[in-house]
Amino acid sequence: MDYNWDFATLFQNWRVFWIGLQGTLLMFGVTAVLGMSGGLVIGIMRYMKTPILAWPARAFVEIFRNVPVLVQIIWFYYAFPILTGVETSPFLAAVLGISLNTMAFSAEIYRAGIQSVEKGQWEAGKAIGMSFAQTMRRIILPVALKRVLPALTNRGIEVFKMSTLASVVAYVETLNQAKLIADLNYNPIESYTAVAVIFFVVLYPVVQATYVIERKLSRSDQ
Amino acid sequence: MEWNFAPVLGSMDILLLGLLNTLKVTGLALLFGVPLGLGLALSRLSQMRILSMVAAFIIEFFRTTPPLVQLFWFFFAFPILFGVNMTPFTTAIVTFSIQSSAFFAEIFRSGIQSIDKGQWEGSKAIGMTRNQTLRRVILPQAVKRMIPAFMERSIELLKTTTLVSTIAYTDLMYQANDIAQRTFRPLEVYTVIAVIYFLLIFVFSQLSIVVERRLAKSGEGTVH
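Residue numbers here run from 1 along each chain, matching the order of that chain's written sequence. By the order in which they are written, chains take letters starting at A while ligands take numbers starting at 1. It should be noted that, the model being predicted, local features are given only for residues of pLDDT at least 70 and side-chain atom pairs only at 80 or more, the latter also being counted only at that level, while totals for whole chains, interfaces and linings use all residues. Heavy atoms from the whole structure form the basis of all side-chain values; hydrogens and water molecules are not counted.

This paragraph deals with the overall build of chain A. Secondary structure elements are taken from DSSP: a helix is a run of H or I of four residues or more, a strand is a run of E of two residues or more, and numbering for both begins at the N terminus. Counting its regular elements, chain A contains nine helices and zero strands. Sequence-ordered secondary structure for chain A, helices as α and strands as β, is α-α-α-α-α-α-α-α-α. Across its three principal axes, chain A shows a C-alpha extent of roughly 75 × 50 × 25 Å. The buried share among the 222 residues of chain A stands at 50%. In chain A, the proportion of contacts linking residues at least 24 apart, taken out of those at least 6 apart, comes to 75%. Here chain A has roughly 10800 Å² of accessible surface; of this, 67% comes from carbon and sulfur atoms. For chain A, the distance from the average position of its 18 positive side-chain charges to the average position of its 13 negative side-chain charges is 15 Å. For every residue, the accessible area (1.4 Å probe, protein chains only) is compared with the maximum for its type, and the residue is labelled buried under 20%, exposed over 50%, or partly exposed between those bounds. Whether two residues are in contact is decided by their heavy atoms: any pair within 4.5 Å suffices. Here the open area of atoms and residues is found with the Shrake-Rupley method and a 1.4 Å probe, where only the protein chains shown may cover a residue. Residues counted as positive are Lys and Arg, residues counted as negative are Asp and Glu, and His and the chain ends are not counted. Taken as the charge location is NZ of Lys, CZ of Arg, CG of Asp or CD of Glu.

And the structure:
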């Protein structure tokens, strides 16, 4: 292992990394918000007893959960434009692939949360004259959302890691920029290690926080 | 635009080879990843502080870094650092074995911890060592509770193997890229492989739901 470490070029190129990190954060922000809000709608639809709402929601969940995200991103990048005539940028293709996948996964999380609320709460809502939507919004969701918080945080961590897949269609994010630096300076060890460390440093505290949230919630439920 | 599936159907043998390679990588990563995960879990639960801390670090590191970054690291950085040759195939096996072992370790750990403390005490009372208790009493029960989480993880692993196409291993995804470039039919090719992946993974997920229901009926709790 007489390897000459070359971290200097990494620091010289910190701006390249910074641009990549911004791309990662943008991708994460957009896909997390779209995925988790869309997932709530689909999760509620999946819970409802009206087949015309429940069935399309079920099909949506099964399709986008069972097709690998990379296949979705590639499909939206190369196949979708031919089908619709709409050009998809690397950003749009990645946003579609990751958001749809996140919607499907978080829909199941929300549904499980809603189902975990006792039936009596629905009956109580009805007894004091609340409609389905009112009961859902005022009584059921506040309880359900609290219970699914750990699962949602875990999903968020997965979404953050998934943003690296956007590099496959040449969207400018951290991994893509590391590849650029590695190719220009012949230092793949340093640049790829740096990306791994960046992700670890960002996500490790979040993972620790989920443990704390989980413990607190399980205590407050008793 | 017109759909034309003829070029894709003509290359079905290439896709099939890719599918076999996808399953091969998944299978081998499971074969190495599960025992490695058990080892990591036992180390993490060990009373030796250093061992426990090292295991915890490995687990957290491989859980918080993206698999694509790990794959690139083992493909581009690892060979230079250690002077070994890494083919796309060995890179895939090494990366996914370690990556999935970190997740399996957490499943093993929550399974082992879900077993009532009294069982440890009971075994100790009849003179069993820690290892004996683990092997004869704790693990048989823990493993049964872990099965649903274990199947879910294996399905995730199957989906993650698509990443190997980026380092030119001939899995299903790579073969699709290849055919799409040669036939200029990306729409049909990518739609077909999306369907293949869907069917494959859908069957496995349905299977895991059936198993989970059976376990629930037999009165076993499960861990996640």
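Next comes the rest of the write-up.
This part covers helix α7 (residues 130–160) of chain B. What sets the pattern is the α-helix's 3.6 residues per turn: residues three or four places apart point alike. Helix span, as expected, comes to 1.5 Å for every residue beyond the first. Spanning 31 residues, α7 of chain B covers only 36 Å between terminal C-alpha atoms, well under the ideal 45 Å at 1.5 Å per step. A residue's bend is the angle separating two fitted axes: one through the seven residues that end there, the other through the seven that start there. In the structure, α7 of chain B departs most strongly from a straight axis at Ile 147 of chain B, where the bend amounts to approximately 50° and where the proline Pro 148 of chain B lies between one and four residues downstream.

Once that is clear, we can look at the packing of α7 of chain B against helix α9 (residues 186–217) of chain B. Packed helix pairs are characterised by how far apart their axes lie and by the angle those axes make with each other. Residues and elements named next belong to chain B. Throughout, an axis means a line fitted to C-alpha atoms (over the contacting stretch in the case of helices), and angles, computed between N-to-C directions, take values from 0 to 180 degrees. With their axes 9 Å apart at the nearest point, α7 and α9 run at an angle of 175° to one another. Overall, the two elements α7 and α9 adopt an arrangement that is roughly antiparallel. Residues Lys 144, Ile 147, Pro 148, Met 151, Ile 155, Leu 158 and Lys 159 of α7 touch α9, and the partners they reach there are Leu 200, Ile 201, Phe 204, Ser 205, Leu 207, Ser 208, Val 211, Glu 212 and Leu 215. Gly falls in the polar group here, along with every residue not listed as nonpolar (Ala, Val, Leu, Ile, Met, Phe, Trp, Tyr, Cys, Pro) or charged (Asp, Glu, Lys, Arg). When its residues are assigned to classes, the contact of α7 with α9 shows 11 nonpolar, two polar and three charged. Note that the term roughly parallel is reserved for angles under 35 degrees, roughly antiparallel for angles over 145, roughly perpendicular for angles of 65 to 115, and oblique for everything else.

Here a pair means two rings of Phe, Tyr or Trp (six-membered ring of Trp) with centres within 6.5 Å. Their orientation is stacked below 30 degrees between planes, edge-to-face above 60, and tilted elsewhere. Scanning the model with the defined rule gives 28 aromatic pairs over all chains in all. Ring centres of Phe 60 of chain A and Phe 64 of chain A lie 4.7 Å apart, and the angle between their planes is 45°; on these two criteria the pair is classed as tilted. Highlighted residues: Phe 60 of chain A and Phe 64 of chain A, both in helix α3 (residues 51–66), separated by four residues, approximately one helical turn. In this structure, Phe 60 of chain A and Phe 64 of chain A share a single accessibility class: buried. Pairing Trp 73 of chain B with Phe 78 of chain B gives two aromatic rings, centres 6.1 Å apart and planes at 55°, and the pair type is tilted. One aromatic cluster in this structure is built from Phe 200 and Tyr 204 of chain A together with Phe 57, Phe 61 and Phe 62 of chain B.

Residues and elements named next belong to chain B. Salt bridge, as used here: a side-chain nitrogen of Lys or Arg that lies within 4 Å of a carboxyl oxygen of Asp or Glu. Under the defined criterion, the tally for this structure stands at 13 salt bridges over all chains. The residue Glu 188 makes a salt bridge to Arg 185 at a minimum N-O spacing of 3.0 Å. Since its relative accessible area comes to 1%, Glu 188 is described here as buried. Given the relative accessible area of 25%, Arg 185 is considered partly exposed.

What follows deals with a nonpolar patch on the surface. Every patch collects residues that have over 30% relative accessible area and no salt bridge, joining them within 9 Å if they carry like charges and within 5 Å if they are nonpolar side chains (Val, Leu, Ile, Met, Phe, Trp, Tyr). A surface patch of nonpolar side chains, amounting to about 440 Å² of accessible area, comprises Leu 83 of chain A together with Trp 3, Phe 5, Leu 9 and Met 12 of chain B. By the secondary structure assignment, Leu 83 of chain A is in helix α4 (residues 69–84).

Another point: the confidence of the model for chain A. Here chain A averages 93 in pLDDT, while 98% of its residues score no lower than 70. Ranking the helices and strands of chain A by mean pLDDT puts helix α5 (residues 90–116) of chain A first, with 97, and helix α1 (residues 8–12) of chain A last, with 83. The predictor attaches a confidence to each residue, called pLDDT, with possible values from 0 through 100.

It is worth spelling out the nonpolar core at this point. In terms of nonpolar packing, the biggest core is built from 97 residues, with Leu 15, Phe 96, Met 173, Tyr 190 and Ile 193 of chain B touching the most fellow members. Ranked by residues supplied to this core, first place goes to α9 of chain B with 11 residues. Non-local contacts of Met 173 of chain B, meaning those with residues more than four positions away in its chain, are made with Leu 70, Val 71 and Ile 74 of chain A together with Thr 162, Ser 165, Tyr 190, Ile 193 and Tyr 197 of chain B. Counting 11 residues, the second-largest nonpolar core is a separate cluster that includes Tyr 47, Trp 122, Leu 141 and Ala 144 of chain A. We call a set of buried Ala, Val, Leu, Ile, Met, Phe, Trp, Tyr and Cys residues a nonpolar core when their side-chain atoms join them within 4.5 Å.

So, on to the interface of chain B and chain A. The interface is formed by 40 residues belonging to chain B together with 40 residues belonging to chain A. By buried area we mean how much accessible surface two parts lose on assembly, using a 1.4 Å probe and totalling the loss over both. Summed over both partners, the interface of chain B with chain A buries about 3600 Å², with 77% contributed by carbon and sulfur atoms. Three residues stand out in chain B for area buried against chain A, namely Thr 64, Val 69 and Leu 81 of chain B, and they jointly supply 16% of the buried area on that side. Here a polar contact means two N or O atoms within 3.5 Å. Within protein one must be a hydrogen donor candidate and the other an acceptor candidate, and residues neighboring in sequence count only if both atoms are side-chain atoms. Applying the counting rule to chain B against chain A returns seven residue pairs in polar contact (both at pLDDT 80 or more). The residue inventory of the side of chain B that touches chain A, partitioned by class, reads 26 nonpolar, nine polar and five charged.

Residue and element names in this part refer to chain B. At a minimum axis distance of 10 Å, the contact between helix α6 (residues 117–125) and α7 shows a crossing angle of 140°. Between α6 and α7, the angle falls in the class oblique. Note that α6 runs across α7; the crossing there is right-handed. Within the contact between the two elements, α6 uses Gln 119, Trp 120 and Ser 123 and α7 uses Arg 130, Thr 133, Leu 134, Val 137, Ile 138 and Gln 141. Here the residues of the contact of α6 with α7 sort into four nonpolar, four polar and one charged. Left-handed is the label given to a crossing in which the near helix is rotated counterclockwise from the far helix by less than a right angle, and right-handed is the label when the rotation is clockwise.

What follows concerns unusual backbone geometry. All names here are of chain A. The phi dihedral of Ala 170 falls on the positive side, at around 65°, and the residue is not glycine. Phi at Tyr 186 is positive, roughly 55°, even though this residue is not glycine. Looking at the element boundaries, Tyr 186 is found in the loop between α8 (174–185) and α9 (188–221). Classification of Tyr 186 as exposed rests on a relative accessible area of 70%.

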